[in-house]
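# Analysis of the macromolecular model
Residues per chain are reported as follows:
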Amino acid sequence: MEHHLEEAFLFLAVLVMAGKVLGSIVERRGQSAVLGELAAGVLLSALGYFGLGAIDEMRHNEVLAFCAELGAVLLLFSVGLESNIKQMRAVGANAALVAGVGAVIPFAVGAFLLGPWLFPGESGDAHKFLGAAMVATSVGITASVFNSLALSKTRPAQVVLGAAVIDDVIGLVVLAVVAAGASGGETGLGVILELTLTAMLFLGVAVSLGLVLVGPLSRIFSAIHTGTGMKLGIVFSFALIYAYLATTADLALIVGAFAAGLVLDGVRFSESFDASPVSQNLRAWVGRRSEPEPEIEEIIRHENEHHVEELITTLNWVFVPVFFVYTGLQIDFASVLELSLYPPAILITLVAIAGKVAAGIAAKGGITERLLVGVSMVPRGEVGLIFASVGLSIGAIEGAVFSTILLVVIGTTFVAPFLIKFFSARYLREQGAESAVLRAAS
Amino acid sequence: MKKTGILCGVLIVSAFVVLAASVALAADTAPVQGAEDAVGATAIEESHGQEGEAGGHGDIAITFVLLAVLLIAAKLGGAIERLGQPGVLGEIGAGIALSGLAFLGADILLDARHSEILAFIAELGAVILLFQIGLESNIGKMAKVGVNALLVAVIGATIPFAVGAWVLGPLFFPEAALASHLFLGAALVATSVGITAYVFQAMGMSKTRPAQVVLGAAVIDDVLGLLVLAIVSAIASGGTVTPEMVGILSLKAFGFLGLAVLLGGLLARTLSRGFSAINTGVGMKLALALGFALSYAYAATLVGLAPIVGAFAAGLVLDAVHFNSFQLPAIAHDLKRLRGFDKEEKEKIDALIEKHEHGHVEDLVQNIGLLLVPVFFVYTGLQIDFASLLNPQLYLVAGVITVIAVLGKMAAGLGARGGLMERLLVGVSMVPRGEVGLIFASTGMALGAISSDMFSVIILVIIGTTFVAPPLIKVFLGRYEAAQKAA
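Computed from a predicted model, the values in this text were never measured in an experiment.

## Description of the overall build of chain A
- A tally of regular secondary structure across chain A gives 20 helices and zero strands.
- The proportion of buried residues among the 442 residues of chain A is 58%.
- Counting only contacts in chain A whose residues sit at least 6 apart along the sequence, the fraction spanning at least 24 positions is 82%.
- For chain A, the exposed surface amounts to about 16700 Å²; the carbon and sulfur share of it is 66%.

Below, the structure written as C-alpha cells:
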C-alpha cells in the first residue's frame with residue numbers, strides 16, 4: 001500500500017506537468033488546451049505501448065482515477081457556478097429538443113444502418129452498442145473550450161449544457177436498456193420510465209432543495225468561522241456531496257457537480273464570509289484616505305465577486321488537466337495502430353458528427369449559433385469510453401467493434417475542439433456585428 | 001465571548017448529529033439501492049458491477065462523500081479558533097469525534113479510515129503542508145539567527161528524544177519493540193512552527209529577538225525531526241539497529257537534503273525558464289511548483305525517506321526569484337493599471353503589489369492547502385482507535401509524557417541568550433508539537449511500528465502540548481515584557 005501511494009505522487013506530477021506543457025503549446029497555436037492535454041495522454045499511452053511498463057500502472061492507478069474524476073467534477077462545478085437556474089430554465093425546452101434529436105439520430109443510424117452495413121457478421125446487440133456509444137456527449141471538453149473563450153454565459157453555451165444534462169439521462173437509459181437486452185434482462189417500457197423518472201426526480205429535488213438550503217448553510221457555517229478556508233471547504237464539499245447524490249440516481253458524477261454549481265450563487269454565498277486577503281488590504285488602505293477611490297472600489301468589488309470562483313480555479317489548474325490527460329491515457333494505443341479499421345471508423349465519425357450537428361439545427365438562433373450548438377455536442381470523450389467498456393465487459397461487443405468505437409471516440413474528441421473554436425469565433429463576430437448595428441440604430 | 005462559545009458548542013454538537021445521521025443514512029441506502037436495482041432491472045446492476053470493476057465508479061462516488069465528510073468535520077472543528085485555540089486542535093478533535101462515531105457503529109467511517117484514496121489525499125495534504133513550511137523558510141534567514149537557534153534546537157531535539165525513547169518508552173510500554181520507543185521519542189522532537197508563529201503574531205511579537213530565535217530553532221527542529229524520522233523509519237522496517245546503519249542513514253538523509261537543495265536551485269531555474277517559455281500564465285506557475293514538490297516527494301521515497309522530507313526540500317529550494325518570468329496575479333495587473341496618484345501613494349500601491357507578487361506562489365499553494373491540509377489532520381484523528389481512548393490509564397501515561405515534553409523544551413530554552421525570562425519564553429514557545437508530530441505518528445502507524453495504544457498516546461500528547469502552549473506563552477510573554485521594562 002505504501003508503495004502504491006509513493007508512485008501516485010510521481011504519476012500526479014507527470015500528469016499535471018505533461019498536461020500543462022502540451023496544453024500550453026497547443027494553446028499558443030490557437031487551439032484549445034484540451035487538445036494538448038488529451039494528446040499528452042495518448043502520447044503517454046503510446047509510450048506504454050512501446051514498452052514503458054510504468055504507463056500501465058499509471059492507467060490502472062486508483063488514486064489517479066480519483067483525481068481525474070475530481071477534475072471532471074470541479075470543471076463542471078465551476079461551469080455550473082457561471083450559469084444559473086434562470087438561464088437554464090429559459091433554454092430548457094430548447095435544450096431538451098437538441099438532446100432528443102442528438103440522441104435519436106446517432107443511435108438509429110448507428111444501430112440500424114451503419115452497424116449492419118459495416119459489421120454484418122456481428123450480432124444485433126453489438127450494433128445497438130455501436131449506436132449507444134454514439135449517443136453520449138462528453139460535455140467536459142466543450143465546457144473547457146467555452147470556459148477558455150469566456151463563452152459560458154452565452155445562450156448557445158447554456159443550451160449545450162442543458163442538453164448535456166438531458167443527454168446524460170438519455171444515455172443512462174439507453175445504456176441500461178441496451179445492456180439489459182444484450183444480457184437477456186428486462187427491457188420493457190416500465191424500466192425505461194422508471195429510470196427516466198428517477199433521474200428527473202433527482203434533478204428536480206436536488207435543485208429545489210439546494211436553492212432553499214444554500215442561504216441557511218452559508219449563515220450557519222459563517223457563524224462558526226468566516227475564514228477563506230471555511231468558505232472554500234463548504235463550497236467544495238457541497239459539490240462533492242451533490243456529485244455523489246447524482247450517482248444514487250444512476251446519473252454521472254459530473255451531472256451532480258453541475259447541478260451543485262447551478263444552485264450555488266458564489267456572490268451571495270460569500271457575503272457572510274471574509275473578503276479575500278488582497279481586497280482586505282486594499283480596503284484598509286482606502287479607508288485611511290479622505291477622498292473616495294472609485295477605481296480601487298471597482299477592483300475590490302470585482303475581486304470579491306470572483307473570490308469563490310478564483311479559489312476553485314486554483315484547484316482546477318491542478319486537477320482538470322489530470323482528467324483530460326487521464327482520459328487520453330485510457331485510449332488503448334494498439335487500436336490506434338489498426339489501420340484496417342480506419343475506413344469504417346472515419347465513416348462512423350463523420351456520421352457521429354453529422355448526427356450531432358443535425359441536433360444543433362433544432363436549437364434556436366441563427367445558423368451559426370445552431371451549428372455551434374451542434375458541434376459542441378460532438379465530443380464523445382470518456383462517456384463514450386465508458387459505454388464501450390461496458391459493452392466489452394458484458395460480452396456484447398468484441399475486438400473490431402470495440403476498437404472502432406475507440407477510434408470514433410478519439411476522432412470526435414479531437415475534432416470537436418477545432419470545430420467549437422471555429423464556430424465560436426464566427427458566432428462572436430456575428431454577435432459583435434449585431435450589437436454594433438443595434439448601437440448604430442439607437 | 002462566552003455567548004459565542006456556547007453558540008459554537010451547540011452548533012458543533014448539532015452539526016455532528018446531522019453529520020452522523022447523514023452518514024448512517026448513506027450507509028443504509030447503499031444496500032437498499034442495490035436491492036431495488038435487483039428487483040427493477042438485473043441488467044443495470046450487472047452493468048454497474050462491471051463498471052465498478054473497470055473504473056471503480058461507485059467507489060469513487062462514495063469516496064467523494066467521505067472526503068466531504070472529513071472536510072466538513074475539519075471546518076466544524078475549526079470553530080475552536082474562536083476560543084483562542086489553534087485550528088489544528090479542532091481538526092484533530094473532529095477526527096477523533098468521527099472515530100467515536102465509527103466506534104458507535106457508523107461503519108462507513110471505517111471505510112474512510114481504510115480508504116486508500118483518502119490515505120493518499122491526506123498524505124498529499126501533509127506533503128503540501130511541508131512544502132508550504134519549506135517555502136516560508138529561507139536558508140539565508142536560518143543562518144542569520146544562527147548559532148543561538150541551533151543550540152536551542154539541538155537541545156530541544158535531543159532531550160525529548162532521549163527521554164522519550166530510552167526512559168518513557170521502556171517505562172510505559174515495556175513490551176513494545178525498540179523501534180516503537182524510538183518513534184515515541186521522535187514524535188516529541190519537532191516543534192510546530194505554525195502554532196508558535198501564530199501566537200507570536202497574535203501578540204504582535206514577531207519581530208522580537210526571542211521570536212526570531214524560536215522561529216529559527218523551529219525550522220532547524222523540523223529538519224532534525226525529519227532526519228530522525230528517516231532513521232527511525234528505516235530501523236522500524238529493518239528491525240535491527242547497528243551503529244553503521246545509523247551512520248549510513250544519516251549520511252543518506254543529509255546527502256539527500258544537501259544534494260536536493262544544491263541541485264534544486266539549478267534545476268528550478270532551468271525548469272522555470274523552460275516552462276515560462278511555453279506559457280507564462282498563473283496556471284503554469286502552479287503546475288511547475290506542484291510538479292516540483294511532488295517529484296521531490298517521490299524522489300525522497302527512492303532513497304528511503306518520507307515523501308514529506310522531499311516536499312520540505314522542494315519548498316526550501318523554490319524561491320520567488322524562480323518565478324520572475326511568470327505572469328503576476330490578475331489583481332496585480334489591475335492595480336498596476338491605476339493612474340492619477342501622486343508619487344508617494346503610487347509607492348504604497350507598489351509595495352502592496354510587491355507583497356502579493358512575492359507571496360504569489362505561496363498564495364496559490366495555500367489555496368490547495370486550505371482544502372487538503374485539514375483533511376490530513378482529520379484523517380489522522382480518525383486513525384485513533386476509539387476503544388483505546390476509553391482506557392483511563394492511557395490518559396495518565398499521556399499526561400506524564402506531556403509534562404516531560406513541556407519540560408524538555410523548557411530546558412532547551414535555557415540554551416538561548418538573554419535573561420531568565422527570555423530563556424523561559426523561548427522554551428515554552430517551543431512546546432507545541434502539532435503537525436510534524438502528527439506526521440511522525442501516522443508514519444509510525446503506517447509502518448506498523450507503533451501500537452494503536454501508543455498512537456493514541458502520541459496524539460494525546462500532541463493535543464496536550466498544543467493546548468497548554470498558548471496560555472504558557474502568554475504568561476511568560478507578560479513576564480518578559482515586564483523584565484524588559486524594568487531593565
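## Concerning the overall build of chain B
- Helices and strands together make up the secondary structure of chain B, namely 21 helices and zero strands.
- Contacts spanning at least 24 positions in sequence make up 81% of the contacts within chain B whose residues lie at least 6 apart.
- Total accessible area on chain B stands at roughly 19600 Å², and carbon and sulfur atoms take up 65% of it.

## Notes on a negative patch on the surface
- Where like charges cluster on the molecular surface, the negative patch consists of Glu136, Asp319, Glu362 and Asp363 of chain B.
- Inspection of the secondary structure puts Asp363 of chain B in helix α16 (residues 360-382).

## Concerning the pattern of salt bridges
- Applying the stated criterion across every chain yields a total of four salt bridges over all chains.
- A salt bridge links Glu369 of chain A to Arg155 of chain A, with the nearest nitrogen and oxygen atoms 2.9 Å apart. Note that Glu369 of chain A is positioned in helix α18 (residues 367-376) and Arg155 of chain A in helix α8 (residues 155-182), a separation of 214 residues in sequence.
- Overall, Glu369 of chain A belongs to the buried group, its relative accessible area being 6%.
- The salt bridge involving Lys409 of chain B is made with Asp221 of chain B; its shortest N-O contact spans 2.9 Å.

## A short note on the packing of aromatic side chains
- Tallied over the full model, the rule gives 13 aromatic pairs over all chains.
- A ring pair is formed by Phe103 of chain B and Phe386 of chain B, whose centres lie 5.6 Å apart and whose planes are at 45°; its orientation type is tilted. Here Phe386 of chain B lies in helix α17 (residues 386-389) and Phe103 of chain B lies in helix α4 (residues 87-103), a separation of 283 residues in the sequence.
- The exposure class of Phe103 of chain B is partly exposed, given its relative accessible area of 41%.
- Take Phe386 of chain B: its relative accessible area is 21%, and that puts it in the partly exposed class.
- What links up through ring pairs into an aromatic cluster is the set Tyr49, Phe50 and Phe333 of chain A.

## A word on a nonpolar patch on the surface
Residues and elements named next belong to chain A.
- A contiguous nonpolar patch, built from Leu201, Val205, Leu209 and Leu213 and spanning about 370 Å² of accessible area, is present on the exposed surface.
- Structurally, Leu201 can be placed in helix α9 (residues 189-224).
- Classification of Leu201 as exposed rests on a relative accessible area of 59%.

## Focus: the side chain of Thr412 of chain A
- Following the sequence through the fold, Thr412 of chain A ends up in helix α20 (residues 399-441).
- Contacts of Thr412 of chain A, omitting those with residues within four sequence positions, involve Thr349, Ala352, Ile353, Val378, Pro379 and Arg380 of chain A.

## As for the packing of helix α10 (residues 209-238) of chain B against helix α19 (residues 420-429) of chain B
Residues and elements named next belong to chain B.
- Their axes nearest at 10 Å, the elements α10 and α19 cross at an angle of 35°. By crossing handedness, the relation of α10 to α19 is classed as right-handed. Contacts between α10 and α19 involve Arg209, Pro210, Val213 and Val214 from the first element and Glu422, Leu425, Val426 and Ser429 from the second.
- Across the contact of α10 with α19, the residue classes break down as five nonpolar, one polar and two charged.

Quick notes on the rules
Residues numbered from 1 in each chain as written. Chains lettered and ligands numbered in written order. Predicted model: local features only at pLDDT ≥ 70, side-chain atom pairs only at ≥ 80, totals over all residues. Heavy atoms only, no water. Helix = DSSP H or I, 4+ residues; strand = E, 2+ residues; numbered from the N terminus. Buried < 20%, exposed > 50% of the residue type's maximum accessible area, 1.4 Å probe, protein only. Contact = heavy atoms within 4.5 Å. Areas by Shrake-Rupley, 256 points an atom, 1.4 Å probe, with all protein chains shown as cover. Patch = residues over 30% accessible without salt bridge, like charges linked within 9 Å, V, L, I, M, F, W, Y side chains within 5 Å. Salt bridge = Lys/Arg side-chain N within 4 Å of Asp/Glu carboxyl O. Lys, Arg positive; Asp, Glu negative; His and termini not counted. Charge placed at Lys NZ, Arg CZ, Asp CG, Glu CD. Phe/Tyr/Trp six-rings, centres within 6.5 Å; stacked < 30°, edge-to-face > 60°. Axes fitted to C-alpha atoms, helices over the stretch in contact; angles between N-to-C directions. Left-handed = near helix turned anticlockwise from the far one by under 90°. Nonpolar A, V, L, I, M, F, W, Y, C, P; charged D, E, K, R; others polar.

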